Every structure is written in C-alpha cells, then in structure tokens.
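# Examination of the molecular architecture
Single-letter residue listing:
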Amino acid sequence: MSLSFDPDRLTLPLGHVIDGTLVPAAGALAMHRPSDGAGYAACPVADAEMVDRAVQSGRRAQAAGWGGAVPRDRTRALHRWADLIEADAPHLAQLEALSSTRPVAQLGPGDIAVTAEQIRFFAEMADKEGGDLAPTRDASLGMTVTEPYGVVGAITPWNFPISMAGWKLGPALAAGNAVVLKPSEMTPFSTIRLALLAVQAGIPAGLVNVVLGDGPVTGNAITGHPDIAKVSFTGSTGAGQAIMANVARTGMKPMTLELGGKSPQIVFADADLDLAAEAIARSIIFNAGQACVAGSRVIADRRIIDALAQKLAARLVPTGVGPTWDGASAYSPIISERQLQRIDGIVSDAVAQGAQVLAGGRRLDRAGWFYAPTLLTDLPPDSPALLQEIFGPVLTLQGFDDEDQAMALSDHPTYGLCAGIFTRDLSRAMRAMRRVRAGTVWINRYGRSRDHILPTGGYGQSGIGKDLGREAYRASRQQKTVLIDI
Ligand code: NAD
C-alpha cells in the first residue's frame, strides 16, 4: 500500500483540546510546509485566560480520581491509548508528515510505534514504583510515600513532535498527573490527535489538555501559572533559560529541562572505520541533523583521519529526497527558510575562515528547504561551526594526536548531551567513557535503541533531569517523608 498522500486534501484538527473537546480558535501564526514552502494554515495562540481554562480543567480531572485511582486502572487506560495510537498510525503519520520534517514512511514503524511502546513502558510503572521503608530504630517506623504533583505543564519542540509529546505525557499520566501540553507552533497537529485519542481510550477528559501557541505568550502563561506544579520542557537552551527565569519570577516549581547539544563522536585509530563511518553518517542524515543528539563533531586520530573522511564523504549523499508526504522520501527538509539560511550562513562563514568542504555545503536545488549532508574540516578553533548547535546536516572533522587531546577536543564549553566513542580497545573505551562530559555515551554505535529503561538527559547546559527510564516516572511524583512513633 502506498503511504503517499495529497497534502492539500488533509483535514487538519486545529484548535486547543480542553476537557476532551477540540475548542476552535482563530489562527494567528502563519504555518509553512517545509517540503515545498507553501503556506497552508495559521496556528492559534492561547492567551493566559485560555491557559487557565486548561489548567483548571486538568486540576478538576486529576482531583476527580486519576491520581488516587487504583494504579492498575491507569495502566489499563494507558495501554488502551497505546493500542489506539498504533491503530491510528496511518492518519497520525499524515498529520505529522504534513507540517514537520519527518518523512511519512518513517513515522509508522518509527516515531509512532516507539511512542506507543514508551507509553506502555510507563503504564507498567504505575503499580510497580512506590516509596520505601527506612531503617529507623524499632520504636518508630519511617517511610517515604510518593504522590503525583497535580497538573504538569509540558512544552515540546518541532523536531520529533509525536515522540516528544509521548515522552512528556507517558510518565506524567502514569504517575497520576494531569498535563497541559503546548506543542511547537510549527507542528501541533499530531499532538492534538494524540489528546483526542486519549479521550477515546477512556482516559478521563481534562487529563490531557493541549493549548496551541508560541513561547512568549502561551509558553510563559503555562510555566508561570501558579497551579502548574511541575514543568517538563524539551527545546533549546535559550528557551530553557527563559523558562527558568520565568519560573523563578513567578514562584518555584521543579523542572525537567531537555536542551540543546553539540555532541562529539571520537574515532580512535583502532576503530572499525566502516562501522564508525556508517554510524556517524546515519546519525547526521537522520532528520537532516535536526536532532538534539546529533553527533555533529567528529574527532578522529590523525593516523586514520583521511581514510575516515573519505568513507564519510562517500556516505554523505542524500538519497530519497522528496516531500515528506511522498511514501518514497527518506531525506528530511529543514524546518523553515530561516533555519535553512542560518545553516547556510554558518557553513559559508566557515569557508570564509578557511574551512574545506569535503561533502555538501549547499542548499539542494529543488522546491522546499533541503540542505545537502555536509562535511567540513580545517576549521579554526573559534569557528561558529564548531561551537554553535547548527541543527542541520553538518559534520565538522577535527584531528587529534593522543587520547588527552581527543578528550580535550570533545569537551564543549556549553553542552554535554551525548558522545560517541569508536574503538576496539575495551580499556580505552571505558577510560574515554569516564572522562567525556555527556549525559549519554554510545560506544561503537550512535543513537538510541528501543530500550526505554535507559534514561536520557544532559550534562552542563544540555539540561536538568531525565526523560525516559524509571527516572522520568519518579520525577513525575513528589516524595513525602513519614515518621511514626509506635
Ligand atoms: P525552541 O526552544 O525554540 O522551542 C521549543 C518549544 O518551546 C516550542 O514549543 C516553543 O514554542 C517553546 N518556547 C520557546 N520559548 C519559550 C519560552 N520563553 N517559554 C516557554 N516556551 C517557550 O526549540 P525548537 O527550535 O522547537 O527545537 C529545537 C531545540 O530543541 C534544539 O536546541 C534541540 O537540541 C532541542 N531538543 C532537545 C532534546 C533533548 O532531549 N535534549 C530533544 C529534542 C530537541
């Protein structure tokens, strides 16, 4: 069956989801399709009053029993939701592919299947994770119990809209909270659909409220709302800082922040170079490098750097270039014209500074915002291409003479999200793993698996707290200490 669809014939759910129903709202922010640049819709912007409606709906629904329900009831409802998400995959995939950079063929078996799996993973925690008994003296009994926060405010980016919504909703709901979620103003449709499917699955109306809008108006109203008990954010480090400032100004609350990255991939001389080149090229081609984990800084032993560069250049070829609504497309466009120009500007500045372009280095000559997979080398250490998160399909290549220099180069002044290490020497791999400053380290591979038990999160200014794993569930509940004299 062909997955291709006509983007002009898709009916878009466009409005806030409050109390389980779609609340139509006037469009305010122009939306463009990355695949052909066409304007096609306008995203509404929820003001503080609309956000308050969503928060009060969440409070009522959460207090009506979800938080205190038999935990297995939450598990069952979340399983039904995951089943519906899978059954709705063809429709969800179209909504996602239309506005985002995700090719339609990758969504069903990829983002959507993984989201359903992750929701089931968190569903199963509802009746397994709890408090602890403490080893107090015999004359007393000490324990900790955990409780939901109430209403969690979640804000997600545009690069993997369904997956990011799942990362926020899964643990928060399983842990007994309601959620008010603001998706990116560029990619809201799949999140709206997820919320409507939640109601169909029997998750009480009001537990998943979605408000549309931008950061300064809607986002601020969420993070600053006194009845939002916790904030869970994924996006840029700059927006993370603005959110921290707003939370500090309006009253304190716990925050999970998953932010930007500029992750290194270190290739030692004894590495399997074909395996390394394949993993590195795949990681920067996937979603055209628009991934927080993109391993964009390749750092290689000088003895093998030329061989590696050749193998990389041979693989940095865009295949399956085409609109996201064509079932044969595999290479993603860039999210916006502005972002395309920013990427091109960073590459041109690097070239003006003396960098060599070993692959790509240009916009693709076709409709839409496509940029060629690019490999840059001979960069001065202060080059913006080495320092800034490019969020595009651009790799930089630097050489090292020994392990100490490799580790020094791997260190980024701001970010510490992920790192890749390629070597056949186990001791070297373990030494490098210990020394690298990153929240996740991949050895002889680059990228996540479907082991949802493994948490993800950043060191440094790449974030605070973790998504996925037990950690994400635990961070969705607050801990109360109890001491009883017997
Ligand atoms: P962004 O920070 O511009 O926007 C993310 C979301 O935050 C959007 O919904 C936006 O409307 C909202 N927002 C912006 N300013 C805000 C404010 N002041 N208050 C409240 N909300 C605000 O990021 P983006 O361009 O959508 O996404 C790309 C960024 O996300 C990259 O930096 C990438 O590394 C990061 N990211 C991180 C992870 C991770 O797990 N660490 C995952 C995906 C993306």
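Higher on the page you've got the structure.
Predicted model only: the values in this text are computed from it and were never measured. (Residues numbered from 1 in each chain as written. Predicted model: local features only at pLDDT ≥ 70, side-chain atom pairs only at ≥ 80, totals over all residues. Heavy atoms only, no water.)

### Section: the packing of helix 2 (residues 71-87) against helix 5 (residues 161-174)
Between helix 2 and helix 5, whose axes approach to 10 Å, the crossing angle comes to 155°. Judged on the interaxial angle alone, helix 5 and helix 2 are roughly antiparallel. Here R74, L78 and W81 of helix 2 lie close against helix 5, whose contacting residues are L169, L173 and A174. Of the residues contributing to the contact of helix 2 with helix 5, the split by class is 5 nonpolar, no polar and 1 charged. (Axes fitted to C-alpha atoms, helices over the stretch in contact; angles between N-to-C directions. Helix = DSSP H or I, 4+ residues; strand = E, 2+ residues; numbered from the N terminus. Parallel < 35°, antiparallel > 145°, perpendicular 65-115°, else oblique. Contact = heavy atoms within 4.5 Å. Nonpolar A, V, L, I, M, F, W, Y, C, P; charged D, E, K, R; others polar.)

### Overview of the pairing of strand 12 (residues 264-267)
Residues of strand 12 alternate between two faces, with P264 and I266 on one and Q265 and V267 on the opposite face, all of them buried. Sheet topology note: the strand 12/strand 13 (residues 297-301) ladder contains 4 bridges and is parallel. Counted as the bridge partner of P264 is R297 from strand 13. With helix 9 (residues 273-285) bridging strand 12 and the parallel strand 13, this β-α-β connection has right-handed handedness. Two elements, strand 12 and strand 18 (residues 418-422), share 3 bridges in a ladder whose sense is parallel. Bridged to V267 within strand 18 is F422. (Buried < 20%, exposed > 50% of the residue type's maximum accessible area, 1.4 Å probe, protein only. Pairing = 2+ DSSP bridges. Right-handed = clockwise from strand over helix to strand, strands pointing away.)

### Quick word on unusual backbone geometry
A positive phi angle is found at D378, which is not glycine, with a value near 60°. If you trace the backbone, D378 turns up in the loop between strand 15 (374-377) and helix 12 (384-387). Classification of D378 as partly exposed rests on a relative accessible area of 45%. Its identity as a non-glycine residue notwithstanding, F391 has a phi of 55°, on the positive side.

### Digging into the environment of G439
One can find G439 in the loop between helix 14 (426-435) and strand 19 (440-443). What makes G439 partly exposed here is its relative accessible area of 22%. Taking C-alpha positions, G439 is 5.5 Å from G457, a pair spaced 18 residues apart along the chain. Beyond its immediate stretch of four places on either side in the chain, G439 contacts G416, L417, G457, Y459 and K466.

### What to know about the packing of helix 3 (residues 89-99) against helix 6 (residues 189-200)
Taken N-terminus to C-terminus, the directions of helix 3 and helix 6 make an angle of 155°; their axes are 8 Å apart at the nearest point. Relative to helix 6, helix 3 is oriented roughly antiparallel. When helix 3 is examined against helix 6, the residues H91, L92, L95, E96 and S99 are found in contact with a partner set consisting of F189, S190, R193, L194 and L197.

### A short note on the pairing of strand 18
Burial runs high along strand 18: 5 of the 5 residues are buried. Covered by surrounding structure in strand 18 are C418, G420 and F422 together with A419 and I421, the residues of both alternating faces. Taking the sense of rotation as the criterion, the β-α-β connection linking strand 18, helix 14 and strand 19 turns out right-handed.

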